[in-house]
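Observations on the model geometry
Read off the chains here:
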Amino acid sequence: MALDLSQSQLLQQRAEKFLPGGVDSPVRAFRAVGGHPPFVASAKGAYLTDADGNRYIDMFGSWGPMLLGHAFPPAVEAIKAAAELSASFGASTAAEANLAELVQRCFPSIEKMRFVSSGTEACMSAIRLARGFTGRPFVIKFEGCYHGHADALLVKAGSGVATFGIPGSAGVPNETAMHTLALPYNDFAAVEAAFESHPEQIACVILEPVVGNAGTIAPAPEFLASLRRLTRKHGALLIFDEVMTGFRLAAGGAQEYFGFASGEDAPDLTTLGKIVGGGLPVGAFGGRAEVMDFLAPLGPVYQAGTLSGNPLAMAAGIATIEHILAHKGALYAGLDETTAEIAGEVALVAAEHGVALTTNRVGSMFTWFFTSEDVTDFATASKSDTALFAKFHRAMLERGVWLPPSQYEAAFVSAAHGQTEIDAIVAAANGAFGAMLK
Ligand SMILES: *Cc1c(COP(=O)(O)O)cnc(C)c1O
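Below or above, wherever it landed, is the structure these notes cover. (Residues numbered from 1 in each chain as written. Predicted model: local features only at pLDDT ≥ 70, side-chain atom pairs only at ≥ 80, totals over all residues. Heavy atoms only, no water.)

Notes on empty space enclosed by the protein
Where empty space is left can be seen by rolling a probe of water-molecule size over the atoms. Taken as a whole, this structure holds two cavities of 30 Å³ or more when the rule is applied. Taken as a whole, the largest cavity encloses approximately 80 Å³ of empty space. Phe366, Thr367, Trp368, Phe389, Phe392, Leu403, Pro404, Ser406, Gln407, Glu409 and Ala411 are the residues that line the largest cavity. Looking at the lining of the largest cavity, the elements that each hand over two or more residues are strand E12 (365-369) and helix H12 (386-398). Broken down by element, the lining of the largest cavity gets its largest block of residues, three residues, from E12. (1 Å grid on protein atoms, 1.4 Å probe; cavity = no way out; pocket = protein on both sides within 12 Å on 5 of 7 lines; lining within 4 Å. Points joined across faces, edges and corners; volume = space filled by probe spheres on them. Helix = DSSP H or I, 4+ residues; strand = E, 2+ residues; numbered from the N terminus.)

Digging into unusual backbone geometry
Omega for the peptide link from Ala296 to Pro297 comes to 10°, which places this bond in the cis form. The residue Pro297 is located in the loop between helix H9 (289-292) and helix H10 (311-352) in this model. The residue Ser62 is not glycine, and still its phi comes out positive at about 60°. Locating Ser62 in the fold gives a position in the loop between strand E3 (55-58) and helix H2 (73-84).

Here we look at the pattern of salt bridges
Across all of its chains, the model carries 10 salt bridges by this definition. The partner of Glu101 in a salt bridge is Arg105, and the shortest N-O contact between them spans 3.9 Å. Within this pair, Glu101 and its partner Arg105 are both found in helix H3 (residues 94-106), separated by four residues, close to a single helical turn. Given the relative accessible area of 48%, Glu101 is considered partly exposed. Arg105 sits in the exposed class, given a relative accessible area of 53%. The network of salt bridges with common partners includes Arg228, Asp268, Arg288 and Glu290. (Salt bridge = Lys/Arg side-chain N within 4 Å of Asp/Glu carboxyl O. Buried < 20%, exposed > 50% of the residue type's maximum accessible area, 1.4 Å probe, protein only.)

Some points on the packing of H10 against helix H13 (residues 419-436)
Packing of H10 against H13 brings their axes to within 9 Å, and their N-to-C directions diverge by 20°. Here H10 lies roughly parallel to H13, going by the angle between them. Between H10 and H13 lies a crossing of right-handed hand. Note on element contacts: H13 touches H10 through Gln419, Ile422, Ile425, Val426, Ala429, Asn430 and Phe433, opposite Thr338, Glu341, Ile342, Glu345, Val346, Val349 and Ala350. Classifying every residue of the contact of H10 with H13 gives nine nonpolar, three polar and two charged. (Axes fitted to C-alpha atoms, helices over the stretch in contact; angles between N-to-C directions. Parallel < 35°, antiparallel > 145°, perpendicular 65-115°, else oblique. Left-handed = near helix turned anticlockwise from the far one by under 90°. Contact = heavy atoms within 4.5 Å. Nonpolar A, V, L, I, M, F, W, Y, C, P; charged D, E, K, R; others polar.)

Considerations on the site of the ligand
Around the ligand, the structure places Ser118, Gly119, Thr120, Tyr146, His147, Gly148, Glu208, Asn213, Asp241, Val243, Met244 and Lys274. For the ligand, an oxygen atom lies 2.8 Å from a polar atom in the backbone of Gly119. Protein coverage of the free-state accessible area of the ligand, which is 380 Å², stands at 83%. Here the shell around the ligand is composed, by residue class, of three nonpolar, six polar and three charged. (Near = heavy atom within 4 Å. Polar contact = N/O pair within 3.5 Å; in protein donor to acceptor, adjacent residues only side chain to side chain. Areas by Shrake-Rupley, 256 points an atom, 1.4 Å probe, with all protein chains shown as cover.)

Overview of helix H6 (residues 188-197)
For H6, every residue scored as buried is listed here: Ala190, Val191, Ala194 and Phe195. Down the axis of H6, the buried side of the element spans an arc of 140°, and every buried residue falls inside it. Where H6 is buried, its residues contact strand E5 (138-142), strand E6 (180-183), strand E7 (202-207) and helix H7 (223-233). (Arc of directions from axis to C-beta.)

Re the pairing of strand E10 (residues 283-287)
Within a regular strand, the side chains alternate between the two sheet faces. Burial of E10 is extensive: five of the five residues sit out of reach of the surface. Along E10, one buried face is formed by Gly283, Phe285 and Gly287 and the opposite face, lined by Ala284 and Gly286, is buried too. Where strand E4 (residues 112-116) lies against E10, five bridges are found, and the strand directions are antiparallel. Within the sheet, the bridge partner assigned to Met113 lies in E10 and is Gly286. (Pairing = 2+ DSSP bridges.)

Things to note about the sheet that holds strand E9 (residues 269-272)
Spatially, seven strands are ordered E4-E10-E9-E8-E7-E5-E6 in an open sheet, and the strand pairing comes out mixed. If you trace the sheet from one side to the other, it starts and ends with E4 and E6, each paired once. Strand-to-strand twist in this sheet, taken as the mean axis angle between neighbours without regard to direction, amounts to 20°. Relative to E7, E5 is paired through three bridges, and the arrangement is parallel. Bridging across to E7, Phe138 finds its partner in Ile202. Of the strands in this sheet, E5, E7 and strand E8 (237-241) are in contact with H7, which crosses E8 at around 150°.

What follows is the structure, encoded as structure tokens:
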């Protein structure tokens, strides 16, 4: 089955003249799955349309933001209305506190917050704040968790308990990464050992409370609660990176989903992005007021942004979060049901074709790992047959379903996905497995 991507290929050639790899974010380049990416012309609801007029069911939702589907009418209207009043002022507007109040209604642990323009900035700033507040240098992160591309967080696998971080990118000096401890996800003993070997040196533990950036991996029972107890005992801050899970798993993100939304159980700081901007560039970090007040202008930790709290972005965020708050019961029940059907039915189809698949799903995020073994951390995710995934990706694209172009990414379902899309995805998977195994 051949897909006509001739216009996309011309656009790719043109883009490569001006942009390294033809892209502004490397994950878009299809390197992990081969072939060239379609160039998108427009999107509506659950569907993407490319430059050649091919239509796809969107299973990556702009990498997470599009919870309510593309071109969600209230967000489109809000952005238009805000644009009429000018795109940016560099001065305060009412919209910032309005969105902040809505975010706080969803996340009671966020007593105060600051808006930035990306998840990267949110995580980078939260780490600086945690270091400034505690006066300690070390950060614990987990292998396979992505917290944006700030230098100190671009640390891959440093296996072993007290391994100093090794930069995961050229251009990051060892000195920058050496205060980042990368531990295996779901390995609480490793975290305990790191605290033992770095007494009063660890500023914070940052994690994805459900991993999305190694493919979907759920926290083991007790992992989150144990981290909370341990960080509290040692005077370190616990940071939930909910850039992906915030508003995705529940209105109050993973902390609501797992019952850590408030009081002693809640994280000290939370980072947000993606859905909070309704598709516009927004990130946020927030948490305990005592910690947040360490930020300039009140405190000694510097953090700033020319376009932070941008009026168009705030308007899109407000329209999105207002809708979520007004419909959350039906919204999250529906997302859960739709995603369970898609993930589960395709797993059955795979079994019928004799394909070894491990399906990890939490709410409306999921991953089909091409392995028969349980996936609980980055090491087990790495056992997946990525060549087979690449074939599946291509075969699904040809059948009108656009999955995230890497085994190590979560797929997302939106509120615009319904029975028609479920049936089409299952049928596409049936055809794809059949064609792949020939
Ligand atoms: C996407 C993501 C980020 C980075 O956000 P950007 O807006 O791409 O900078 C950080 N943390 C997590 C968990 C993410 O999924």
